[in-house]
Amino acid sequence: MTNKRGIYAAKFLTYLGVLAILYVVQTTPGFLSIFGVAPNLALAAAVYIAVQEGEFIGGLYGAWAGLLCDLGGFTIFGFNAILIMIFCVTAGLLSIYMLRRTIQNYVGMVFAAMLIRGLLDYLLNYYMWGYEQVWRVLTGQILPCVIYTTAASPLCFYLLGWIYRWFSEKIDPQRSVS
Amino acid sequence: MGDFFKSARFKILLGVLIMLLFFMLRAAYNNEMAPMLSQIAGAVITPLQKASSTISTTVGNYFQRYAQADQIAQENEQLQEQVNQLREQLVELENYRQENATLKEFLDIKEENPDFELEPAAVVARDPNHRFYSFTIDKGALAGVALRDPVISPEGLVGVISEVGYNWAKVTTILDVEVNVGAYDIRTRDIGLITGDISLAAQGRCKLTYLPRESSATAGDLVVTNGGGLFPKDLVVGEIVNVAFDKGEISLFAEVQPAADIQTLTDVMVIKSFYGQEESDDE
């Protein structure tokens, strides 16, 4: 029992660390950046955790991923934390009640989360302020980031999937994990 | 699914959500220092970002050298072995040379402006959801960096500090539509306002607005700051690329190519104090 608790603790600490590392990687100047656009891997990873672990754990990790994004982002503090937490709770509930845990569904959820985040960012931080040619922010920065993150999300699926399976086998060796 | 909304788990998540909302409202109300949660996360993450940035630069330089050595090898096969031996030393020397050149340029700035109190800083993070190429540096309140301090590179003005943590700070660049800097054309002495423009930001340019209709400002003119409390006087901003009438043709505006390469900067200087600096209530 104690050993299982230790493994659970190690798993959840690993998730925390992986999210932090992905955040550091995605913000490293020049690294992963294509024409000034970089993927939001922390969000993609948090959605995966929500899909596998459910809405509660997923929501908490979503808040953590969002706090990291708020740390380097230029939106008001809490904007990403609240949104990504809500996305992860939704993703967790969808994977429990409506959707199978397949890579297609996961990629779709990452795309939807990024798109909604991007559109809200565009609406609240750019469009509402009436800047000239504001649509260029959407087409030149926000949508490319959505596409890049969606394209890179399978990497998170396989990386975190491997971590999830590894810990699941340690917790319950008899159970096979899909 | 209905059970979830009645469960203790939902209440806990709701509590976290309310806490985040509280922090967001507090951040919106009090913009002086980054919120406590952000401070804690920043204290942990910034050293990691600094390490990652250093590794990325070193590896990038290594592969750049490697590609060059490969080209030489094709032309001079007999020198391949010697090139391989020297490559590692070259990378190291190149890094030292670049660092030396940057520091010398910063020293020149200090010599030209003895009233400047400068703080060298490295660009450690560029967020995927950045605003007009804004970035995070590895110096914060502990190093004396304060809100609205000007940020420069050896080439010229870069931006202004928009948020401060203990060991990090966020820099909003002059490409941002929210930044306004008083500036003038050094040849014609016409005064205007440097601000960002969404369509120009993608090209790494900003614009000098509110130039008088009769201004003779033209491409090639140098634009510098005109002081005024927030920025030191005569900091180089950039060079005029094009001049045109503003909407309504009441005034002119000039497209300005910043002297600093804002999109790829790796090192900057924060001007912590200078002669004539305005004391701000926020600092």
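Below, the structure is looked at part by part.

Thresholds applied
Residues numbered from 1 in each chain as written. Chains lettered and ligands numbered in written order. Predicted model: local features only at pLDDT ≥ 70, side-chain atom pairs only at ≥ 80, totals over all residues. Helix = DSSP H or I, 4+ residues; strand = E, 2+ residues; numbered from the N terminus. Buried ≥ 20, exposed ≤ 12 C-beta atoms within 10 Å, placed from the backbone. Contact = placed C-beta atoms within 7 Å. Axes fitted to C-alpha atoms, helices over the stretch in contact; angles between N-to-C directions. Parallel < 35°, antiparallel > 145°, perpendicular 65-115°, else oblique. Nonpolar A, V, L, I, M, F, W, Y, C, P; charged D, E, K, R; others polar. Pairing = 2+ DSSP bridges. Core = buried A, V, L, I, M, F, W, Y, C linked by C-beta atoms within 7 Å.

1. Quick look at the overall build of chain B
Here comes step 1: Scanning chain B for helices and strands turns up 5 helices and 12 strands.
Here comes step 2: Counting all 283 residues of chain B, 38% fall into the buried class.
Here comes step 3: Relative to all contacts within chain B whose residues are 6 or more apart in sequence, the contacts with residues 24 or more apart total 58%.

2. Some thoughts on the packing of helix α3 (residues 55-72) of chain A against helix α2 (residues 8-29) of chain B
Here comes step 1: Put simply, α3 of chain A and α2 of chain B touch, their axes get as near as 10 Å, and they point 10° apart. Taken together, the axes of α3 of chain A and α2 of chain B lie roughly parallel to each other. Residue-level contacts link Phe56, Gly59, Leu60 and Ala63 of chain A of α3 of chain A to Arg9, Leu13, Val16 and Leu20 of chain B of α2 of chain B.
Here comes step 2: Tallied by class, residues from the contact of α3 of chain A with α2 of chain B come to 6 nonpolar, 1 polar and 1 charged.

3. A short note on unusual backbone geometry
Here comes step 1: Positive phi, normally seen in glycine, also occurs at glutamine 133 of chain A, with a value near 50°.
Here comes step 2: With respect to the helices and strands, glutamine 133 of chain A occurs in the loop between α5 (103-125) and α6 (135-171).
Here comes step 3: You can call glutamine 133 of chain A exposed: it has 12 C-beta atoms within 10 Å.
Here comes step 4: Despite not being glycine, arginine 148 of chain B shows a phi value in the positive range, around 70°.
Here comes step 5: As for its position among the elements, arginine 148 of chain B is in the loop between β2 (135-137) and β3 (150-152).

4. A few points about the interface of chain A and chain B
Here comes step 1: At the junction of the two partners, chain A supplies 45 residues and chain B supplies 42 residues.
Here comes step 2: Only α1 (2-27), α3, α4 (79-97) and α6 of chain A provide two or more residues apiece to the side of chain A that touches chain B.
Here comes step 3: It is α3 of chain A that contributes the most residues to the side of chain A that touches chain B, 10 residues altogether.
Here comes step 4: When grouped by side-chain class, the residues that make up the side of chain A that touches chain B number 28 nonpolar, 12 polar and 5 charged.

5. Description of the sheet that holds strand β11 (residues 252-258) of chain B
Residues and elements named next belong to chain B.
Here comes step 1: With respect to topology, 6 strands assemble into a closed barrel ordered β6-β7-β8-β11-β10-β9, the strand pairing being antiparallel. With direction set aside, neighbouring strand axes in the sheet form an average angle of 45°.
Here comes step 2: Pairing of strand β9 (residues 222-226) with strand β10 (residues 233-245) involves 4 bridges; the strand directions are antiparallel. Counted as the bridge partner of valine 224 is valine 236 from β10.

6. Some details on the pairing of β9 of chain B
Residue and element names in this part refer to chain B.
Here comes step 1: Note that strand β6 (residues 180-185) and β9 share 3 bridges and pair antiparallel. Its bridge partner being in β9, tyrosine 184 is matched across the sheet by valine 224.
Here comes step 2: Linking β9 back to β10 in an antiparallel pair, the connection comprises 6 residues, with glycine 227 at a positive phi of about 75°.

7. Observations regarding the sheet that holds β3 of chain B
Residue and element names in this part refer to chain B.
Here comes step 1: One closed barrel accounts for 6 strands, arranged β1-β2-β5-β4-β3-β12; its pairing is antiparallel. Strand-to-strand, the axes of this sheet are offset by a mean angle of 45°, without reference to chain direction.
Here comes step 2: Judged from the 6 bridges that link them, strand β1 (residues 117-125) and strand β12 (residues 267-273) form a sheet pairing that is antiparallel. Pairing of glutamate 117 across the sheet is with serine 273, part of β12.

8. Brief notes about the nonpolar core
Residue and element names in this part refer to chain A.
Here comes step 1: Formed by 110 residues in total, the largest nonpolar core has its most connected members in Leu19, Ala45, Ala46 and Val47.
Here comes step 2: Counting residues per element, this core draws most heavily on helix α2 (residues 41-53), at 11 residues.
Here comes step 3: Those residues in contact with leucine 19, other than ones at most four positions away along the chain, are Ala42, Ala45, Ala46, Tyr61, Trp64, Ala65 and Leu68.

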